[in-house]
Amino acid sequence: MTVSLIVEQLLNGLQFGFMLFLMAAGLTLIFGVMGLINLAHGSFYMIGAFACAAVAAATGSYWVGLAASLAAAAAAGALVEVAVIRRLYRRDHLDQVLATFALILVFSEGTRWVFGSFPLYLTVPDFLSGPVALPGGIDYPLFRFAIILIGLVIAGGLFLLIARTRLGIRIRAGESDREMIAALGVDIRKLYTTVFAIGAALAGLAGALVGTIQSVQVGMGEPVLILAFVVIIIGGLGSIVGALVSAILVGLADTLGRFLLPVAFDTFMDSSTANNVGSALASMLIYILMALVLFLRPTGLFGTRAH
Amino acid sequence: MPEPILQTEKLSKRFGAVVASDAVTLDLVPGEIHALIGPNGAGKSTVIKQIAGEIRQDSGSIRFAGRDIDRLDMVARAQLGLARTFQVSSVAPEFSGLQNVMLAVQSVERKTFRFLRPALKDKPLMTQAMAHLERLLLDDRAHVRAGDMSHGERRALEIAIALALKPKAFLLDEPMAGMGPENTAKLIEILDDLRAEAPILLVEHDMDAVFALADRISVIVYGRIIASGTPEEIRANEEVRGAYLGDEGHDGAA
Amino acid sequence: MMTREAAISLLIAAGLLAAPLLGNAFDEPFVITLATKVAILGLAGTGLNIALGYGGMVSLGHAAFFGLGGYVAGILASHALNYEPLFTAPLLVEGTTQMLIIWPVAIVVSGVAALVIGALSLRTTGVFFIMITLAFAQMVYYFAISWPAYGGEDGLSIYIRNEFPGLNTLNPLHFFAICYVLLILAIGLSFLLSQSRFGLALNGARQNAQRLATVGISPFRVKLTAFVISGMMAGLAGALYADLNRFVSPSMLSWHTSGEIMVFVILGGTRRLFGPTAGAALYIVLENTLGDVSEHWLLLLGALLVALVLFARGGVIGILAGQPRHA
């Protein structure tokens, strides 16, 4: 095991963490402002990936595809908010869960209808393909490195949006007091649609970026959605900082666990057993982490509000 | 004076910059009604919540029935015999009045984990629950959903539930709040009787009720007890008149 | 006098019994399989209804218990067929193909899992509870995928359906009868539970946990007990489902399965004794009729479910019985 291998895994973990953050940030915003649990958030991830793949193939430009992923996911988000989600804010969580579960069926099957069951593949744009040379003579795929940077930029932008802009003030006001914000004359319907669309767009972008290094297929959003839930549980509900810290923690733990645990078990077991035990344990690692946080701090690392 | 059943020792609680209770020391002796009065936001409910175990004090301690209960949660304190009612009625809204009281009866019997026998065919359970409803003049409303009851009925129901716990002390948080004069008069009569069973720590805004019922009154302002004594002493206390009664008049409903 | 809901319940019970008999008479064995599936999934839903309906615990992780029950059946059977003991130390534990042994093991294993998952999840409520139960079920799912001993991603086949004394389980009618009786027993148990002192406390905990704590009953203990009973029923259903398909795979553990079991309960009507069974029946009928209309029947089902949530509350039995949900 070399240093460069470890650095590479660390960077992979970071990259994974930032993508989880894009998902978790949208979910936690939507919950914080509207009090809604949205299981269909993974569908926006998928829609973003398919939009990017389809548009990139049609126009030949990855960047147009990426823009399309943002636009398609935001549009789908706004549409669903207006048609369905809006009617769920005052309902109990059970209704929200059932309706958004049903929306997943609609989105997944709809996408299968349009694009078929076979996965699509995206090609990394030319000037982001190939490796980047990092200090210490480490080569790392440039595209993955770019994803980390994009994640960093978006995280920064999101913090600025919430801290500095008028929309951010309204979002924060909406999180602390829903009636107050209506009394202030803010058009609450428009605010909700906007927040929902932003959350969806973030998920769509994550889907397009991850779809580029993996594959684009129906159902790709749900595993990520559940991981984003884990991120929120660990970070604390409604906290964007919590989501960021916890996303990176989960990204690193998962990536390094898969890499290091089989190696660690190999030191005192025969290698096929070590591989089995190690990878089985690695697949459960972040859930064990979640259980630990729940046990020690049920409100999550950064959560203050009682749930 | 007899040995107190409930004692708080310098209870303090802050919420950020706000001091909700400031070294609150008070006690409750058998047979008495001890009223806790003070202006809105003075920290009366916070004291009740700390004693009931809903919130933990930052410092100080609580003794009840001869033991330290600081480490016990709400459930354990209720099991020890602390019966509490809420400032805003808290009942199971889909249950009938009877079912609400039955919960308390089965809790006292420590027979909740019975899985197969229908509770509504459990004669002793029903009879006991019904008796407590009768005490509060609710027997003809026994089968009405608590959520459909009038405000006054729900307040009375809470007291019936508290009674069913056969407690060693009652913590009543504004039981008269929002009640009409007729119901208030009835409730005063009921509480008057109740003190023989278990002493009552009574938080109340209705000064007529307080001065009619209380054996002792403590006045709390900004989380601190500024005076404690018999109703006559409190009426005569200059500091209390200035801080509290003065601007409202002691005989007007606050 | 019989209430309308009781009449509908009786009708559902009779209908579910009649379907396979008719299927047998008209030589349509597929109908028997479908009815068996309804009975098993109805059993899983009946289990979830205890947690979700009576206890108000929106668990999106019941696939974990359903799947574990399935794996118990699969693993015990595979060891029996290979004549390979599960453990040799500290004591010899061998596989078995006897349902009467498999069921209790499935119930205990899923009950223990529900105890652990429930104890952690019930430290929170609301949205957190939903997300945590979902996440823990996902953990079990990934474990099943990455653990190669019992088929990993490919799953595990049960070559011969497990046995029940005195019956021929390979006869579809016999196997249906087993599932049907267990379903009715579970519904009967739910009924008793809901009427008992424990049921009173559980319903109370759903409506107002603070009220329950104030009278000295721990909402946590009441809810956890209900969650374990609920998980056990789902586990038993899983063991039967594995025998129905003669196959277990991680898909039994997937979050999609959790969602489906929840759909049965809500589709039929929460806190209705026959609600989950009605929901499962409706789901399977829809699957098979919509499935003929279009291969994208899930799209139609999704739209239908959205409409149901938005416009028709109280589930199918709620609509038919024409009364609001009761306590």
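Residues numbered from 1 in each chain as written. Chains lettered and ligands numbered in written order. Predicted model: local features only at pLDDT ≥ 70, side-chain atom pairs only at ≥ 80, totals over all residues.

Some remarks on unusual backbone geometry
Residues and elements named next belong to chain B.
Line of reasoning, step 1. Even without glycine at this site, K10 takes up a positive phi of about 50°.
Line of reasoning, step 2. Mapped onto the secondary structure, K10 falls in strand β1 (residues 6-15).
Line of reasoning, step 3. Since 13 C-beta atoms lie within 10 Å of it, K10 is described here as partly exposed.
Line of reasoning, step 4. With a phi close to 55°, R110 is a non-glycine residue in the positive phi region.
Line of reasoning, step 5. Tracing the backbone through its elements, the reader meets R110 in the loop between α3 (97-108) and α4 (123-135).
Line of reasoning, step 6. Overall, the presence of 10 C-beta atoms within 10 Å leaves R110 in the exposed class. (Helix = DSSP H or I, 4+ residues; strand = E, 2+ residues; numbered from the N terminus. Buried ≥ 20, exposed ≤ 12 C-beta atoms within 10 Å, placed from the backbone.)

Some remarks on the interface of chain A and chain C
Line of reasoning, step 1. Chain A puts 38 residues into the contact, and the matching count from chain C is 37 residues.
Line of reasoning, step 2. Of all the secondary structure elements, the ones that give two or more residues to the side of chain A that touches chain C are α4 (93-115), α9 (221-235) and α11 (271-296) of chain A.
Line of reasoning, step 3. When residues in the side of chain A that touches chain C are grouped by element, the largest group, 15 residues, is from α4 of chain A.
Line of reasoning, step 4. Along the lines of polarity and charge, the residues of the side of chain A that touches chain C split into 27 nonpolar, six polar and five charged. (Contact = placed C-beta atoms within 7 Å. Nonpolar A, V, L, I, M, F, W, Y, C, P; charged D, E, K, R; others polar.)

Brief notes about the packing of helix α3 (residues 63-82) of chain C against helix α4 (residues 99-121) of chain C
Residues and elements named next belong to chain C.
Line of reasoning, step 1. Look at α3 against α4: their axes get within 9 Å of each other, and the N-to-C directions meet at 145°. Taken as a pair, α3 and α4 cross one another with a handedness that is right-handed. Between α3, through A64, F65, L68, G69, V72, A73 and L76, and α4, the contact on the second element is made entirely by I102, V105, A106, V109, S110, A113, A114 and I117.
Line of reasoning, step 2. Its residues assigned to classes, the contact of α3 with α4 shows 13 nonpolar, two polar and no charged. (Axes fitted to C-alpha atoms, helices over the stretch in contact; angles between N-to-C directions. Left-handed = near helix turned anticlockwise from the far one by under 90°.)

A look at the domain arrangement of chain B
Residues and elements named next belong to chain B.
Line of reasoning, step 1. Split by domain assignment, chain B resolves into domain 1 (1-81 + 167-254) and domain 2 (95-166).
Line of reasoning, step 2. A straight line from the C-alpha centre of domain 1 to that of domain 2 covers 26 Å.
Line of reasoning, step 3. The interface is formed by eleven residues belonging to domain 1 together with ten residues belonging to domain 2. (Domains from an automatic or database assignment.)

Considerations on the interface of chain C and chain B
Line of reasoning, step 1. Across the boundary between the two partners, chain C contributes 22 residues, which contact 29 residues of chain B.
Line of reasoning, step 2. Mapped by element, the contributors of at least two residues to the side of chain C that touches chain B are α6 (172-195), α7 (197-207) and α8 (209-214) of chain C.
Line of reasoning, step 3. At six residues, α7 of chain C tops the list of elements feeding residues into the side of chain C that touches chain B.
Line of reasoning, step 4. Among the residues forming the side of chain C that touches chain B, the class breakdown is ten nonpolar, ten polar and two charged.

Considerations on the sheet that holds strand β4 (residues 59-64) of chain B
Residue and element names in this part refer to chain B.
Line of reasoning, step 1. Taking strand neighbours across the sheet as the criterion, the four strands line up as β2-β1-β4-β5 in an open arrangement whose pairing is antiparallel. Looking at the sheet topology across the chains shown, the edges are occupied by β2 (18-28) and β5 (67-68).
Line of reasoning, step 2. The sheet contact formed by β1 and β4 spans five bridges and is antiparallel. The residue of β4 that forms the bridge with S12 is S59. (Pairing = 2+ DSSP bridges.)

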